[in-house]
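If you want the building blocks of each chain, they are given just below.
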Amino acid sequence: MSEPVAALLGPVEIRALASELDVTPTKKLGQNFLHDPNTIRRIVAAAELSADDKVVEVGPGLGSLTLGLLEVVSDLTVVEIDPRLAQRLPQTVTQRAPGVAGNMRIIEKDALKTTAADVEAPTALVANLPYNVSVPVLLHFLATFPSIKRVLVMVQLEVADRLAASPGSKVYGVPSVKASYYGNVYKAGNIGKNVFWPAPNIDSGLVRIDCFEANPWPVTKEEVFPLIDAAFAQRRKTLRAALAGFYGSAPAAEEALLAANIDPKQRGEKIAVEDFVRLAGVQ
Ligand code: SAM
């Protein structure tokens, strides 16, 4: 059997790196580091990457998932906001995956401020996302990089359930509809607390998005996303009432809904992305 290209980080290595850097993980930056090689390999496997994928990872932290990704892809860009972590990462990768260290590029930046100029046409986003900004980061990357065809992210379990929810489900909401604008969204498993240091208070979940090869919709996200926001701003209301402000009046909202073949008495939580797209297309 051939030698693995990277020596993944376990609990001992994570503690040693954190104490060397004098890092006290902060809640504000969602710093819960993976210290379980089995979980790391499980995440990488769930992403089903090919050797020619150009992967972007948000929040590499101490390098746990980064090393796992470098085992299977040869083009990896990581975006890390914390300068202490970003600056230590090259050394970690050189020590633990010397043969492939040149395959990683680091961008020290807030992921929410990443632009198309920072990463050239990535094909996949794989990340253990910082929990407090997980949905905004995910939607920002999907909007900024239409070249992304596969997403595999770890988020809080309840966010994973919400992202993957279908119309009619109790947890279906704005993130569910917006994520499904970009592709087919699936739950790809649950992850317990003990694979992290420090252990978070809540379980996590994996979400996979298989993005559409080409944008199938006749309207842009700028046309459809404001409608989604308006429909869910008042969850309990019928679409006729919830969209009255958007269309100028309740009768105008009713007219648009009927033209899109949507029952005005329906609530937003029952409406799929294709319905919102149809409504946005009504002149
Ligand atoms: N990938 C590592 C792992 O699995 O062990 C760390 C994951 S940890 C949940 C989240 C990481 O995202 C931290 O390294 C944190 O510093 C970083 N982070 C937090 N907010 C960020 C932001 N806005 N942009 C980029 N990185 C961010």
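All figures in this text were calculated on a predicted structure; none of them were measured in a lab.

J.: Just to check I follow, could you spell out the site of the ligand for this structure?
T.: Residues in close proximity to the ligand total 22 residues, the closest being Leu34, Gly59, Glu80, Ala111 and Asn128. Between the ligand and the protein, one listed contact pairs a nitrogen atom with a backbone N or O atom of Gly59 at 2.7 Å. In this structure, a nitrogen atom belonging to the ligand sits 2.9 Å away from a side-chain N or O atom of Asp110. About the coverage of the ligand: the protein hides 98% of its 590 Å² of free accessible area. Mapped onto the shell around the ligand, the elements with two or more residues apiece are β1 (33-34) and β3 (76-80). When its residues are assigned to classes, the shell around the ligand shows 10 nonpolar, 7 polar and 5 charged.

J.: Mind showing me how you'd approach the UniProt feature "domain: Ribosomal RNA adenine methylase transferase N-terminal" (unreviewed entry) in the chain here?
T.: Here the UniProt feature "domain: Ribosomal RNA adenine methylase transferase N-terminal" (unreviewed entry) sits at residues 39-213. This span, residues 39-213, is 33% helix and 26% strand, and a straight line between its end C-alpha atoms measures 29 Å.

J.: I tried to follow unusual backbone geometry on my own but got confused; where do I start?
T.: Residues apart from glycine generally show negative phi values, whereas peptide bonds are mostly found in trans. Backbone torsion omega between Trp197 and Pro198 reads -15°, so that peptide bond is classified as cis. Summarising the element assignment, Pro198 is placed in the loop between β8 (196-197) and β9 (204-211). The phi torsion at Asp22 lies on the positive side, around 60°, for a residue other than glycine. As for its placement among the helices and strands, Asp22 is situated in the loop between α1 (11-21) and β1. Even without a glycine there, the phi angle at Asn261 is positive, about 65°. Residue placement: Asn261 occurs in the loop between α11 (250-259) and α12 (273-281).

J.: When you look at the sheet that holds strand β5 (residues 124-128) in this model, what are you seeing that I'm missing?
T.: Think of a sheet as strands paired side by side through backbone hydrogen bonds, with each pair either parallel or antiparallel. Ordered by their spatial adjacency, 7 strands build an open sheet running β4-β3-β2-β5-β6-β9-β7, and the pairing between neighbours is mixed. In this open sheet, the two strands that pair with only one neighbour each are β4 (104-108) and β7 (183-191). If you compare each strand with its neighbour and ignore which way they point, the axes differ by 20° on average.

J.: Is there a simple way to think about the packing of helix α7 (residues 174-182) against helix α8 (residues 221-233) in this case?
T.: Angle between the axes and distance between the axes: these two values describe a pair of packed helices. As a packed pair, α7 and α8 sit with axes 10 Å apart at the nearest point and diverge in direction by 160°. Between α7 and α8, the crossing angle belongs to the class labelled roughly antiparallel. As α7 packs across α8, the resulting crossing turns out to be right-handed. On α8, the residues touching Val174, Val177, Lys178, Tyr181 and Tyr182 of α7 are Lys221, Val224, Phe225, Ile228, Asp229 and Phe232. Taken together, the residues that form the contact of α7 with α8 break down as 8 nonpolar, no polar and 3 charged.

J.: What should I look at first to understand the environment of Asn128 in this one?
T.: With respect to the helices and strands, the residue Asn128 is situated in strand β5. A relative accessible area of 13% places Asn128 in the buried class. Note: C-alpha distance between Asn128 and Leu65 (63 residues apart in sequence) is 7.7 Å.

J.: Mind showing me how you'd approach the UniProt feature "binding site: S-adenosyl-L-methionine" (unreviewed entry) in the chain here?
T.: As recorded in UniProt, the feature "binding site: S-adenosyl-L-methionine" (unreviewed entry) lies at Asn32, Leu34, Gly59, Glu80, Asp110 and Asn128. Setting aside residues up to four positions removed in sequence, Gly59 forms contacts with Val79, Glu80 and Asn128. Look past the residues within four positions of Asn128 in its chain and what remains in contact with it is Asn32, Leu34, Val58, Gly59, Leu65, Met154 and Phe196.

J.: I tried to follow the pairing of strand β2 (residues 55-58) on my own but got confused; where do I start?
T.: Moving residue by residue along a regular strand, the side chains alternate between the two faces of the sheet. In β2, alternate side chains face the same way, and those of Val55 and Glu57 on one face and Val56 and Val58 on the other are all buried. Regarding the hand of the β-α-β motif, the stretch spanning β2, helix α3 (residues 64-70) and β3 is right-handed. Sheet topology places β2 next to β5; 2 bridges connect them, and they run parallel. For Val56, the partnering residue across the bridge sits in β5 and is Leu125.

J.: Can you help me understand the packing of α1 against helix α4 (residues 83-96) in this one?
T.: In the contact formed by α1 and α4, the axes pass within 12 Å of each other and the chain directions differ by 135°. In terms of their interaxial angle, α1 and α4 are classed as oblique. Handedness of the α1/α4 crossing: right-handed. Only Arg84, Leu85, Arg88, Thr92 and Arg96 of α4 make contact with α1, whose side of the interface consists of Glu13, Leu17, Glu20 and Leu21. Of the residues contributing to the contact of α1 with α4, the split by class is 3 nonpolar, 1 polar and 5 charged.

About the thresholds
Each chain has its residues counted from 1, running along the sequence as written. Since the coordinates come from a predicted model, pLDDT governs what is reported: local features require at least 70, and pairs of side-chain atoms require 80 or more to be given and counted, while whole-chain, interface and lining totals use all residues. The side-chain quantities take in all heavy atoms of the structure and omit both hydrogens and water. It suffices for a single heavy atom of a residue to lie within 4 Å of a molecule or strand for the residue to be listed as near it. Polar contact criterion, stated in full: a pair of N or O atoms within 3.5 Å, where within protein one must be able to donate a hydrogen and the other to accept it, and residues adjacent in sequence count only if both atoms are side-chain atoms. Each accessible area is a Shrake-Rupley result for a 1.4 Å probe, and residues are judged covered by the shown protein chains and nothing else. Think of it this way: any DSSP run of H or I at least four residues long counts as a helix, any run of E at least two long counts as a strand, and we number them from the N terminus. Asp, Glu, Lys and Arg are counted as charged, while Ala, Val, Leu, Ile, Met, Phe, Trp, Tyr, Cys and Pro are counted as nonpolar; the rest, among them Gly, fall into the polar class. UniProt positions are given in the numbering used here, feature names are shortened, and annotations may be inferred rather than shown by experiment. In this scheme, strands are said to pair when DSSP sees at least two bridges between them. Geometry is summarised by axes, namely lines fitted to C-alpha atoms with helices restricted to the contacting stretch, and by angles between N-to-C directions that run from 0 to 180 degrees. Our angle categories are set so that under 35 degrees counts as roughly parallel, over 145 as roughly antiparallel, 65 to 115 as roughly perpendicular, and the remainder as oblique. Crossing chirality is assigned from the near helix's rotation relative to the far helix, an anticlockwise turn below a right angle marking it left-handed and a clockwise turn marking it right-handed. Residue contacts are defined here by distance: any two heavy atoms, one from each residue, within 4.5 Å place the two residues in contact. Any residue under 20% of the maximum accessible area for its type is buried, any over 50% is exposed, and the rest in between are partly exposed; the area is computed with a 1.4 Å probe on protein chains only. If the strands point away from the viewer and the path from the first strand over the helix to the second runs clockwise, then the crossover is right-handed.

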